[in-house]
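Each chain is listed here by its residues.
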Amino acid sequence: MCDYSLHTVASRPARVGETLVTTGFYRTSTRGFAAKGEPNVAVCLLPGTELAFERDVRYNRNCLSTRSTGFSVARFCAIEPGASHQHHDALSFPDGKTVLLNLLSEGQHARVLQLPVIPREQSVDGNAEKTVILAVDPELTA
């Protein structure tokens, strides 16, 4: 999932094990994740994706003040996904607090630890059967 304001930015899904960098995207007011070496491509995360940062995650409280979450691990989530024209992408921390991606300080490195398990309907011999697949390969979620 990528925030609504990134519709003009090239994007792709996250991959397990890759290193992401928090960044502001050119000609947008949105921050998010880009892959190391691909600064102009937004890396979209599914809710439930687990990340490990090199250090405690920092975010901008206002123009002059930066705070630390006190955690270096987080899970991607969406806040009020049905509300249009507002930022939805966020990180959830072990203490239950969430921080919008748009508030993250730029230049932080995070490794994608795990993508979420996605329930998927699949037809087997004409019968609908629920299966669960691990979203490791983007082809599996298409």
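Refer to the preceding data block for the structure.
Residues numbered from 1 in each chain as written. Predicted model: local features only at pLDDT ≥ 70, side-chain atom pairs only at ≥ 80, totals over all residues. Heavy atoms only, no water.

(A) How the structure looks around the overall build of the protein chain. Per the secondary structure count, the protein chain includes zero helices and 13 strands. Along the protein chain, helices (α) and strands (β) appear in the sequence β-β-β-β-β-β-β-β-β-β-β-β-β when read from the amino end. The proportion of buried residues among the 142 residues of the protein chain is 35%. Across the protein chain, contacts joining residues at least 24 apart in sequence account for 51% of those joining residues at least 6 apart. A total accessible area of about 8400 Å² is found for the protein chain, and carbon and sulfur atoms account for 51% of it. (Helix = DSSP H or I, 4+ residues; strand = E, 2+ residues; numbered from the N terminus. Buried < 20%, exposed > 50% of the residue type's maximum accessible area, 1.4 Å probe, protein only. Contact = heavy atoms within 4.5 Å. Areas by Shrake-Rupley, 256 points an atom, 1.4 Å probe, with all protein chains shown as cover.)

(B) How the structure looks around the pattern of salt bridges. Across all of its chains, the model carries five salt bridges by this definition. For Arg12, the salt bridge goes to Glu18, with nearest N and O atoms at 2.5 Å. Residue Arg12 shares its accessibility class with Glu18, and that shared class is buried. One salt bridge in this structure joins Arg31 and Glu106, with 3.6 Å as the shortest N-O distance. Taken together, the residues Arg31 in strand 3 (residues 31-35) and Glu106 in the loop between strand 10 (98-100) and strand 11 (109-114) connect sequence positions 75 residues apart. Sharing partners across several salt bridges, the network here consists of Arg12, Glu18 and Glu38. (Salt bridge = Lys/Arg side-chain N within 4 Å of Asp/Glu carboxyl O.)

(C) Fine view of the pairing of strand 11. Across three bridges, strand 2 (residues 19-24) lies against strand 11 in antiparallel orientation. Across the sheet, the residue bridging to Val21 is His109, located in strand 11. With four bridges joining them, strand 5 (residues 50-53) and strand 11 adopt antiparallel strand pairing. In the sheet register, Phe53 faces strand 11, and the bridge partner there is Ala110. (Pairing = 2+ DSSP bridges.)

(D) Here's a closer look at the environment of Tyr59. The topology assignment puts Tyr59 in strand 6 (residues 58-60). Spatially, the C-alpha atom of Tyr59 lies 8.8 Å from that of Asn102, the residues being 43 residues apart in sequence. In contact with Tyr59, not counting residues within four places along its chain, are Ser65, Thr66, Arg67, Ser68, Thr69, Val99, Leu103, Leu104 and Ser105.

(E) Broad picture of the pairing of strand 2. Note that strand 2 and strand 3 share five bridges and pair antiparallel. Looking at strand 3, one finds that Thr23 is bridged to Gly32.

(F) Layout of unusual backbone geometry. With a phi close to 65°, Arg27 is a non-glycine residue in the positive phi region. Inspection of the secondary structure assignment puts Arg27 in the loop between strand 2 and strand 3.

(G) Broad picture of the packing of aromatic side chains. Counted according to the given criterion, the structure contains two aromatic pairs. Ring geometry for Phe33 against Phe53: centres 6.3 Å apart, planes inclined by 45°, an arrangement best described as tilted. Of the two residues, Phe33 sits in strand 3 while Phe53 sits in strand 5, which places them 20 residues apart along the sequence. Phe33 gets classed as buried once you look at its relative accessible area, which sits at 2%. Arranged with centres 6.4 Å apart and planes meeting at 25°, the rings of Phe71 and Phe93 form a pair that is stacked. A residue pair is termed long-range when its members are at least 10 positions apart, and Phe71 in the loop between strand 7 (66-68) and strand 8 (73-78) and Phe93 in the loop between strand 9 (89-92) and strand 10 qualify at 22 residues. Owing to a relative accessible area of 23%, Phe71 belongs among the partly exposed residues under this scheme. (Phe/Tyr/Trp six-rings, centres within 6.5 Å; stacked < 30°, edge-to-face > 60°.)

None of the figures reported here should be taken as evidence of function without further support.
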